[in-house]
Amino acid sequence: DAGITQSPRHKVTETGTPVTLRCHQTENHRYMYWYRQDPGHGLRLIHYSYGVKDTDKGEVSDGYSVSRSKTEDFLLTLESATSSQTSVYFCAISEPLRQGHYEQYFGPGTRLTVT
Amino acid sequence: SQQGEEDPQALSIQEGENATMNCSYKTSINNLQWYRQNSGRGLVHLILIRSNEREKHSGRLRVTLDTSKKSSSLLITASRAADTASYFCATDEGSNAGNMLTFGGGTRLMVKP
């Protein structure tokens, strides 16, 4: 599992409240990613990080912010949660293979429900 | 938007049969990868095929890649009930600084004992 943990694993929150999800890795990987998974949409990239304090937007970044102050932690924040952000959130790291190819390892996911 | 589109969206077969899933994509790629997801779990990497490869094997898995048609297929031979899962293709376009992958919507495979 590449030493990836996510917390919390389940959360129910009310519309308008802030929510922070945490991804923690223990193997010093440079690249980290946040995805959301919804029925009919597969996995969509929210934000990614290529180093401490280096982050960039993915396909569905509106309403989300991220921070990476330490190599091991990548935080995803919903500043004001909306019902459309009810989803399963996955964190991933990128593991280098040979010759410039990479594969991703995923955390166990966080199921977020916004009521 | 999704780079990869899997076909079929759902597949139900009997144990022992072969399962074939297809993936189509839109742009040029550095490699294409297949992942598996068991219900309620994260995705697990299965196999990677580079753009200059046409076929790759790993155990009961066989992946083909046709870059002229921008398509790939995943064949699982002699399926088992434990193969029941969702399968996703993901493309690495090779031109981004973040080593990002673009995932398709997945094929849900059910293998009946």
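This structure is a prediction, so every number in the text was calculated from the model and none was measured. Every chain's residues receive numbers from 1 upward, in the order its sequence appears when written. As a convention, the first chain written is A and the first ligand written is 1, with the rest following in written order. The model is predicted, so local features are restricted to residues of pLDDT at least 70 and side-chain atom pairs to those at 80 or more, both for listing and for counting; the totals for chains, interfaces and linings are taken over all residues. To obtain the side-chain values, all non-hydrogen atoms of the structure were included, while hydrogens and water were left out.

A.B. asks: Can you break down the overall build of chain A residue by residue, with the values?
C.D. replies: What counts as a helix is a DSSP run of H or I of at least four residues, what counts as a strand is a run of E of at least two, and both are numbered from the N terminus. Summing up its helical and strand segments, chain A has zero helices and eleven strands in all. Shown N-terminal to C-terminal, the secondary structure of chain A runs as helices and strands in the order β-β-β-β-β-β-β-β-β-β-β. Only the C-alpha atoms count toward the radius of gyration. The rule for a globule is 2.2 Å times the residue count to the power 0.38. Against the 2.2 N^0.38 benchmark of 13 Å for 115 residues, chain A shows a C-alpha radius of gyration of 14 Å, consistent with a compact globule. A principal-axis box enclosing the C-alpha atoms of chain A has dimensions of 45 × 30 × 25 Å. A simple rule labels every residue: compare its accessible area, found with a 1.4 Å probe on the protein chains alone, to the largest value its type can have, and call it buried under 20%, exposed over 50%, or partly exposed in between. Burial analysis of chain A (115 residues in total) assigns 49% to the buried set.

A.B. asks: Which residues make up the sheet that holds strand β1 (residues 4–7) of chain A, and what values do they have?
C.D. replies: Residues and elements named next belong to chain A. The strand order β1-β3-β8-β7 describes an open sheet built from four strands, whose pairing is antiparallel. Two strands close off the open sheet at either side, each with one partner strand: β1 and β7 (64–70). The sheet shows a mean angle of 20° between the axes of neighbouring strands, taken without regard to direction. By this definition, two strands are paired if DSSP reports at least two bridges between them. Every axis in this analysis is a line fitted to C-alpha atoms, fitted for helices over the stretch in contact. Angles between the N-to-C directions lie between 0 and 180 degrees.

A.B. asks: Tell me what's going on with the confidence of the model for chain A, and back it up with residues and numbers.
C.D. replies: Of the residues in chain A, 98% reach a pLDDT of 70 or more, and the chain-wide mean stands at 93. Summary of the metric used: pLDDT quantifies the predictor's per-residue confidence within the range 0 to 100. At the level of individual helices and strands, chain A shows its lowest average pLDDT in strand β10 (residues 102–106) of chain A, which scores 90, and its highest in strand β8 (residues 73–78) of chain A, which scores 98.

A.B. asks: Please give an account of the environment of B:L48 that cites residues and values.
C.D. replies: Residues and elements named next belong to chain B. Relative to the helices and strands, L48 resides in strand β5 (residues 43–50). We classify L48 as buried; its relative accessible area is 8%. Remark: the alpha-carbon pair of L48 and A90, spanning 42 residues in sequence, is separated by 9.3 Å.

A.B. asks: Requested: an account of the interface of chain A and chain B, with residues and values cited.
C.D. replies: A contact between two residues is defined here by any heavy atoms of the two lying within 4.5 Å. With 24 residues of chain A at the interface, the matching set in chain B holds 23 residues. Surface buried jointly by chain A and chain B totals about 1,900 Å² across both partners, of which 48% is contributed by carbon and sulfur atoms. For this analysis, a salt bridge means a side-chain nitrogen from Lys or Arg found within 4 Å of a carboxyl oxygen belonging to Asp or Glu. Between chain A and chain B we count zero salt bridges in total. Contacts described as polar in this section are N or O atom pairs within 3.5 Å, which, within protein, must combine one atom able to donate a hydrogen with one able to accept it, while residues neighboring in sequence count only if both atoms come from side chains. Counting the contacts that link chain A with chain B gives five residue pairs in polar contact (both at pLDDT 80 or more). Of all the secondary-structure elements, those providing two or more residues to the side of chain A that touches chain B are β4 (32–38), β5 (42–51), β9 (87–96) and β10 of chain A. Following the grouping adopted for this structure description, the nonpolar residues are Ala, Val, Leu, Ile, Met, Phe, Trp, Tyr, Cys and Pro, the charged ones are Asp, Glu, Lys and Arg, and the polar ones are all others, Gly among them. The residue makeup of the side of chain A that touches chain B, split by class, is eleven nonpolar, ten polar and three charged. Here's the idea: put two parts together, see how much 1.4 Å probe accessible area each one loses, and the total over both is what we call buried area.

A.B. asks: Give a detailed account of the nonpolar core, specifying residues and quantitative values.
C.D. replies: Ranked by internal contacts, the top residues of the largest apolar core, which has 20 residues, are B:M21, B:L32, B:W34, B:L74, B:I76, B:Y87 and B:L109. Taken together, the elements giving at least two residues each to this core come down to β3 (19–24), β4 (31–37), β5, β7 (61–66), β8 (71–76), β9 (85–92) and β11 (107–112) of chain B. Ranked by size, the runner-up nonpolar core spans 19 residues in total, among them A:I4, A:C23, A:I93 and A:V114. Side-chain atoms within 4.5 Å are what join buried Ala, Val, Leu, Ile, Met, Phe, Trp, Tyr and Cys residues into a set we call a nonpolar core.

A.B. asks: Any chance you could break down unusual backbone geometry for me, citing the residues and the numbers?
C.D. replies: A cis amide bond, omega -5°, links A:S7 with the succeeding residue A:P8. Following B:D7, the chain continues into B:P8 via a peptide bond in cis, with omega recorded as 0°. By the element assignment, B:P8 lies in the loop between β1 (5–7) and β2 (10–14). The backbone of A:N28 sits at a positive phi, close to 65°, despite the residue not being glycine. Among the structural elements, A:N28 can be located in the loop between β3 (19–25) and β4. Overall, A:N28 belongs to the exposed group, its relative accessible area being 60%. Located in the positive-phi region is B:A78, a residue other than glycine, with phi close to 45°. If you trace the backbone, B:A78 turns up in the loop between β8 and β9. Overall, the relative accessible area of 39% leaves B:A78 in the partly exposed class.

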